[in-house]
Amino acid sequence: MPPAIEKLPEASSLSTSSIPHPTRSFVRPRVGSMTLAVAAALYLVVFTNRTFFTRAYAYFDSHLALAAFSFGLTCLFAAFTIAISVKYLLKPVLVLMIFAAASASWFMDGFGTIIDVDMIRNAAQTTSSEAGHLITPPYLLHMTVFAILPSLVVCWVKVEHRNFFGKVRWNLTVIVPLLLVALACGVSSARSIASVVRLHKDLIPTLNPFLPIGNAVAFALASEADKNIVAAPLGTDAHVAAPMASGKPRVLIIVTGETARAEEFSLGGYGRDTNPELEKLDITYFPETSSCGTSTAVSVPCMFSNLTRHGYSHRAGLANENLLDVFGHAGIKTEWWDNNTGSKAVADRTTYHSFSEANDPRYCYQNECLDEGLITGLGDWLSKVKGDSVLVLHQLGSHGPAYYQRYPADFARFTPECKTAELGNCSSEAIVNSYDNTILYTDHILAEVIDALKAHQDRIAPAMIYMSDHGESLGEHGLYLHGAPYIVAPSQQTHVPFVLWEGSEMKASIDLDCLLQRAGEEASHDNLFHTALGMMDVKTAVYKQELDVLGACRRQQSINGASS
């Protein structure tokens, strides 16, 4: 008889909970805190310090000294990351360092930028439209590869920490030798290292990410302290010495240029005809003029102050009134028309209009406007002038990297153009062509200002001063844009154009031979404050005739009671 066959249960009656499943768990790699710290230090040294080590390689004559210098710095990086390898602190600090280093390396490697306090201040004061030209798809890709992915790895791994006393003991046994090795490397090549650091002051500021992070902290602390600064009165004794003999009101327009470098002005000898309209007008050009700074945040408040480049600092600028305030004390009406990123506190106490914020669709796209918007209403403004007046026109000028957006199509004379903000995708020729077109357009804007003033000479006594705030690097020495620390800045960033025009009545009081001679001498932003006061015949104790480019050339000088 066959054996009985046991009946199996129906499939539907089986409980799914009774069926075993393979274990599926997401395994996170485990690493020691010191291992992660040293790996992060090596990553920062190797992948985010190309500019630093490229310059170091060029500056060191001895390969042995360079090797000692590099190895010593690597030991210091590792000592620091190990020192902060504390639970709940290590990962956030490493992520911060990685993001800061990745972002800084993009601008250092691509544009030669040094991330100092002034550069951070510029970034903090920029507009979203201006920032949009720098936050490009290649930048985002760079940040993904060199910041986001490494940070995800740091966050993903599970870090094993020793107990407190064990961590202190073990970390010190590694940190102390690292510091001793770094010290030995420094001592062994001290003469070479000291020589390089002393002669090449652009090297240490590119050390990433310690210098950018340190400068960001310094900027934050200074910004908080700046909130309590109140500008001290300046030139409260100011008054107009005498009215014009004709009884007409004096009108001075100060055009504050943006990023125009003197090398590209044909008025100063540039090979291309970038100033065809100004060359036909009776202007005075000062070809040897230097700026106060290499960025708008420094140069604009400095050039309107009486502090001079050597006496100016960001805090001193905030703590003292400026040229517009002195005009106000003298009873002269002042206005500031802005087509840039603001007056940098210069116009805090005067009438202010922002054309970029108005975003007029005739001239603007996404709050960036052609400078033509500044002069469209100029004729109407001049027709309403009743008394002595000063108007400041703050250009967008030649601001990069999107040079091609700074001029209308009619001014695209020099081709091919670089029609992108990603300068790395353009040839040097195309970058220079686009930049030169911006200078050509500025030439037109200045000629239009002069023409408007001349058209109203029957009722006003007009004059114009044009000074650019700083220059621009277009690839020379591997640098682009501007903002280099002044001590290492190339002439392309500090040599700026300076144009002077006087109407017939003001010019009648000037010895033209004297002016021609003065124009051939050195000038700077230091001259603006005093030259403007002199042109408006303002008497005040803060006026210095020696800093007025017209001071020695006036036939009848009433300033401060002097005569000539």
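Residues numbered from 1 in each chain as written. Predicted model: local features only at pLDDT ≥ 70, side-chain atom pairs only at ≥ 80, totals over all residues. Heavy atoms only, no water.

Draft legend 1. Structural detail: a nonpolar patch on the surface. A contiguous nonpolar patch, built from Phe164, Phe165, Val168, Leu172, Val176, Leu180, Leu183 and Val187 and spanning about 840 Å² of accessible area, is present on the exposed surface. If you trace the backbone, valine 168 turns up in helix 8 (residues 164-188). Under the relative-accessibility criterion, valine 168 is labelled partly exposed at 36%. (Patch = residues over 30% accessible without salt bridge, like charges linked within 9 Å, V, L, I, M, F, W, Y side chains within 5 Å. Areas by Shrake-Rupley, 256 points an atom, 1.4 Å probe, with all protein chains shown as cover. Salt bridge = Lys/Arg side-chain N within 4 Å of Asp/Glu carboxyl O. Helix = DSSP H or I, 4+ residues; strand = E, 2+ residues; numbered from the N terminus. Buried < 20%, exposed > 50% of the residue type's maximum accessible area, 1.4 Å probe, protein only.)

Draft legend 2. Region of the structure containing the packing of aromatic side chains. Enumeration according to the criterion identifies 18 aromatic pairs in this entry. Centre to centre, the rings of tryptophan 106 and tyrosine 139 are 6.0 Å apart; their planes meet at 70°, and the pair counts as edge-to-face. Within this pair, whereas tryptophan 106 is found in helix 4 (residues 90-111), its partner tyrosine 139 is found in helix 7 (residues 137-156), the two being separated by 33 residues in sequence. A residue is classified by how much of its surface remains accessible, and tyrosine 139, at 10% relative accessible area, is buried. Relative to phenylalanine 355, the ring of tryptophan 337 lies with its centre 5.7 Å away and its plane at 55°, an arrangement referred to as tilted. (Phe/Tyr/Trp six-rings, centres within 6.5 Å; stacked < 30°, edge-to-face > 60°.)

Draft legend 3. How the structure looks around the nonpolar core. One finds Leu378, Leu393, Leu453 and Met464 to be the most contacted residues of the largest nonpolar core, which totals 52 residues. Per element, the largest residue contribution to this core is 13 residues, and it comes from helix 18 (residues 428-455). Discounting residues that sit within four places of it in the chain, leucine 453 has contacts with Val251, Ile253, Leu382, Ile460, Pro462, Ala463, Met464 and Trp501. Core analysis: the second largest hydrophobic core is formed by 41 residues, Ala238, Ala347, Ala523 and Met536 among them. (Core = buried A, V, L, I, M, F, W, Y, C linked by side-chain atoms within 4.5 Å. Contact = heavy atoms within 4.5 Å.)

Draft legend 4. Main features of the sheet that holds strand 7 (residues 333-338). Pairing is mixed across the open sheet formed by 7 strands, whose spatial order is 5-16-12-4-11-7-8. Bordering the open sheet on either side are strand 5 (284-285) and strand 8 (351-354), each of which pairs with just one other strand. Relative to strand 16 (residues 498-502), strand 12 (residues 461-468) is paired through 5 bridges, and the arrangement is antiparallel. The partner of isoleucine 465 across the bridge, within strand 16, is leucine 500. In the packing of helix 22 (residues 526-535) onto the sheet, contacts are made with strand 4 (250-257), strand 12 and strand 16, and the angle to strand 12 comes to roughly 175°. (Pairing = 2+ DSSP bridges. Axes fitted to C-alpha atoms, helices over the stretch in contact; angles between N-to-C directions.)

Draft legend 5. Examining the state of the cysteines more closely. For the structure shown, the criterion picks out 4 disulfides. One disulfide bridge connects cysteine 292 with cysteine 302, the sulfur atoms lying 1.8 Å from each other. On the sign convention where negative is left-handed, the bridge of cysteine 292 and cysteine 302, at about 70° about the S-S bond, is right-handed. Within this pair, whereas cysteine 292 is found in the loop between strand 6 (289-290) and helix 11 (296-303), its partner cysteine 302 is found in helix 11, the two being separated by 10 residues in sequence. Judged by its relative accessible area of 6%, cysteine 292 is buried. Look at cysteine 302 and you get buried, because its relative accessible area is 2%. Residue cysteine 418 pairs covalently with cysteine 426 via a disulfide, S to S 2.1 Å. Across the S-S bond of cysteine 418 and cysteine 426 the torsion is about 80°, and the bridge reads as right-handed. Overall, cysteine 426 belongs to the buried group, its relative accessible area being 18%. Cysteine pairing in the protein follows 1-2, 3-4, 5-6, 7-8, where each cysteine in a disulfide is numbered by its order in the sequence. Cysteine cysteine 75 remains unbridged, with the sulfur of cysteine 185 as its closest cysteine sulfur at 5.9 Å. Cysteine 185 sits in the buried class, given a relative accessible area of 11%. (Disulfide = S-S within 2.5 Å.)

Draft legend 6. Up close: the environment of valine 432. Summarising the element assignment, valine 432 is placed in helix 18. As for valine 432 and alanine 58, which are separated by 374 residues in sequence, their C-alpha atoms are 27 Å apart. Ignoring any residue separated from it by four or fewer positions in sequence, one finds valine 432 in contact with Glu264, Tyr270, Arg272 and Leu474.

Draft legend 7. Region of interest: empty space enclosed by the protein. Applying the stated rule across the entire model yields 2 cavities of 30 Å³ or more. What the largest cavity holds in volume is close to 80 Å³. Along the walls of the largest cavity sit Thr127, Ser129, Glu130, Asn339, Asn340, Thr341, Ser356, Asn367, Glu368, Cys369 and Leu396, which together make up its complete lining. Grouping the constituent residues of the lining of the largest cavity by class yields 2 nonpolar, 7 polar and 2 charged. Of the volumes computed, that of the second largest cavity is approximately 50 Å³. Taken together, Phe111, Gly112, Thr113, Ile114, Met119, Leu479, Tyr480, His482, Gly483, Ala484 and Gln493 make up the lining of the second largest cavity. Classifying every residue of the lining of the second largest cavity gives 6 nonpolar, 5 polar and no charged. (1 Å grid on protein atoms, 1.4 Å probe; cavity = no way out; pocket = protein on both sides within 12 Å on 5 of 7 lines; lining within 4 Å. Points joined across faces, edges and corners; volume = space filled by probe spheres on them. Nonpolar A, V, L, I, M, F, W, Y, C, P; charged D, E, K, R; others polar.)

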